[in-house]
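Report on the structure
Chain by chain, the residues:
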Amino acid sequence: MKKILIAGNWKLYVTEVEDAKNLASQLKRKISKITNIDTVLMPTAPLISTVSAAVKKSSIAVGAQTVSPFLDGAHTGYESAAALKSAGVKWALVGHSERRAQESEDVIQAQVQAAVKAGLSVMLCVGEAERDPQGAHFSLIERQLSSALAHFPAKGTKLVIAYEPVWAIGKSAAEACKPADLEEMSIFIRRALTELFDRTAATKIPILYGGSVDGSNVHELLTQGGVSGFLVGRASANAKSLFEIIDACKA
Ligand code: PEP
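Report on the accompanying structure. Fair warning: this is a prediction, and the values are worked out from it, not measured in the lab.

Before going further, it helps to examine the site of the ligand. By nearness alone, 14 residues border the ligand, and Lys11, His96, Glu164, Gly170 and Ser212 come closest of all. Gly170 places a main-chain nitrogen or oxygen 2.7 Å from an oxygen atom of the ligand. Contact between the ligand and Ser212: an oxygen atom at 2.8 Å from a main-chain N or O atom of the residue. Calculation on the ligand without its partners gives an accessible area of 290 Å², and the protein chains cover 99% of this total. Because more than half of its atoms lie within 2 Å of the grid, the ligand is assigned to the second largest pocket.

Attention shifts here to helix H5 (residues 105-118). Here H5 is 14 residues long and its end C-alpha atoms lie 20 Å apart, about the 20 Å a rise of 1.5 Å per residue gives. Along H5, the residues classified as buried are Ile108, Gln109, Gln111, Val112, Ala114, Ala115 and Ala118. Looking at the buried side of H5, the elements it contacts are helix H3 (81-86), strand S4 (91-94), helix H4 (97-100), strand S5 (121-126) and helix H6 (136-148). One or two steps after H5, the chain reaches Gly119, where phi turns positive at roughly 90°.

A word on the environment of Ala129. Mapping Ala129 onto the fold places it in the loop between S5 and H6. Owing to a relative accessible area of 56%, Ala129 belongs among the exposed residues under this scheme. Separated by 37 residues in the primary sequence, Ala129 and Val166 place their C-alpha atoms 4.7 Å from one another. Residues in contact with Ala129, not counting those within four places in the same chain, are Val166 and Trp167.

What follows deals with the nonpolar core. Core analysis: the biggest nonpolar cluster contains 72 residues, and Leu124, Leu145, Ile161, Ile189, Tyr209 and Phe230 have the highest contact counts within it. Contacts of Ile189, omitting those with residues within four sequence positions, involve Val126, Ile141, Leu145, Ile161, Tyr163 and Ile207. Formed by 13 residues, the second largest nonpolar core is a distinct cluster that contains Met42, Trp91, Met123 and Cys125.

A few words now on the pattern of salt bridges. Inspection of every chain in the model, using the stated rule, returns 9 salt bridges. The closest approach of N and O atoms between Lys30 and Asp247, which form a salt bridge, is 2.7 Å. You can see Lys30 sitting in helix H1 (residues 17-31) and its partner Asp247 sitting in helix H10 (residues 239-249), a full 217 residues away along the chain. With a relative accessible area of 35%, Asp247 lands in the partly exposed category. Glu128 is the salt-bridge partner of Arg131, the closest N and O atoms lying 3.1 Å from each other. Exposure remark for Arg131: the relative accessible area of 27% places this residue in the partly exposed category. Where salt bridges share partners, they join Lys30, Asp247 and Lys250 into one cluster.

Although it is not a glycine, Lys11 sits at a positive phi angle of roughly 45°. Located in the positive-phi region is Lys57, a residue other than glycine, with phi close to 60°. Along the chain, the position of Lys57 falls in the loop between helix H2 (48-54) and strand S3 (61-64). Owing to a relative accessible area of 85%, Lys57 belongs among the exposed residues under this scheme.

The next thing to look at is the side chain of Ser52. Checked against the element boundaries, Ser52 lands in helix H2. Its relative accessible area of 17% is what places Ser52 among the buried residues. Ignoring sequence-local partners within four residues, the contact set of Ser52 consists of Val62 and Ala87.

Between H1 and H10, whose axes approach to 11 Å, the crossing angle comes to 25°. In terms of their interaxial angle, H1 and H10 are classed as roughly parallel. Considering how the two elements wind past one another, H1 and H10 form a crossing that is right-handed. Counted together, Leu23, Gln26, Leu27, Lys30 and Ile31 of H1 and Ala239, Leu242, Phe243, Ile246 and Asp247 of H10 form the full contact between these two elements. Residue composition of the contact of H1 with H10, by class: 7 nonpolar, 1 polar and 2 charged.

Between its first and last C-alpha, H6 extends 19 Å over 13 residues, near the 18 Å set by a 1.5 Å rise per residue. When we look at burial in H6, the residues that qualify are His137, Phe138, Ile141, Gln144, Leu145, Ser147 and Ala148. Elements that come into contact with the buried residues of H6 comprise H4, H5, S5, strand S6 (159-163) and helix H7 (179-196).

Parameters and conventions
- Residues numbered from 1 in each chain as written.
- Predicted model: local features only at pLDDT ≥ 70, side-chain atom pairs only at ≥ 80, totals over all residues.
- Heavy atoms only, no water.
- Near = heavy atom within 4 Å.
- Polar contact = N/O pair within 3.5 Å; in protein donor to acceptor, adjacent residues only side chain to side chain.
- Areas by Shrake-Rupley, 256 points an atom, 1.4 Å probe, with all protein chains shown as cover.
- 1 Å grid on protein atoms, 1.4 Å probe; cavity = no way out; pocket = protein on both sides within 12 Å on 5 of 7 lines; lining within 4 Å.
- Sits in = over half its atoms within 2 Å of the grid points.
- Helix = DSSP H or I, 4+ residues; strand = E, 2+ residues; numbered from the N terminus.
- Expected span 1.5 Å × (residues − 1).
- Buried < 20%, exposed > 50% of the residue type's maximum accessible area, 1.4 Å probe, protein only.
- Contact = heavy atoms within 4.5 Å.
- Core = buried A, V, L, I, M, F, W, Y, C linked by side-chain atoms within 4.5 Å.
- Salt bridge = Lys/Arg side-chain N within 4 Å of Asp/Glu carboxyl O.
- Axes fitted to C-alpha atoms, helices over the stretch in contact; angles between N-to-C directions.
- Parallel < 35°, antiparallel > 145°, perpendicular 65-115°, else oblique.
- Left-handed = near helix turned anticlockwise from the far one by under 90°.
- Nonpolar A, V, L, I, M, F, W, Y, C, P; charged D, E, K, R; others polar.

The structure is reproduced here in structure tokens:
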């Protein structure tokens, strides 16, 4: 059975230890009865150990919302990929649009490499700020992919691409990407990955969608959008809305 991946990017929506513990524990109970969905929780760094402890002995993986381009050394305030790995983190989110404002393509490429070196799986976000009737957004996505993945190893590191159009993030379900547009972009991303890796490797890379997903639009995006899961922001920070998404995706 092909698994659906649902990753929750909590951003700074969850900031209390007790809230993180409760939400992670509720998800652990919920997901224990569901076989076709893998989940990742991405809390803010200070809550990583709380969430890791709460999801122990479950299929839930923990991810970091960002990662430093430096593995070690004199870099105050950064989150080292090596330290995250050692703290039990499995996934590194790289290239999120809320970070691209301060992180150049070169930094994103270095973050991907640091994550690979440390043995973290990479969830790479790509997405355009606006759609162009002439299709310039497709070239932008291609550039974001080829730059970030320039030195990505063909084997040994898990990679997921999260297509997150910036214009759809943090809005209402009605403003999310339309399934037909998402399907077109999924096909384009798959083709671009085939240029970067060989066809067999490219076929195995899951493509997720993120941007105003909730229980009301997730089913049609999954069945018509050509994606194998979702990166969820706001709706992942609340048990009711997260479970609505899970229920709409479960077998
Ligand atoms: C995100 O920013 O990764 C995201 C998907 O946000 P939201 O679901 O809140 O639109």
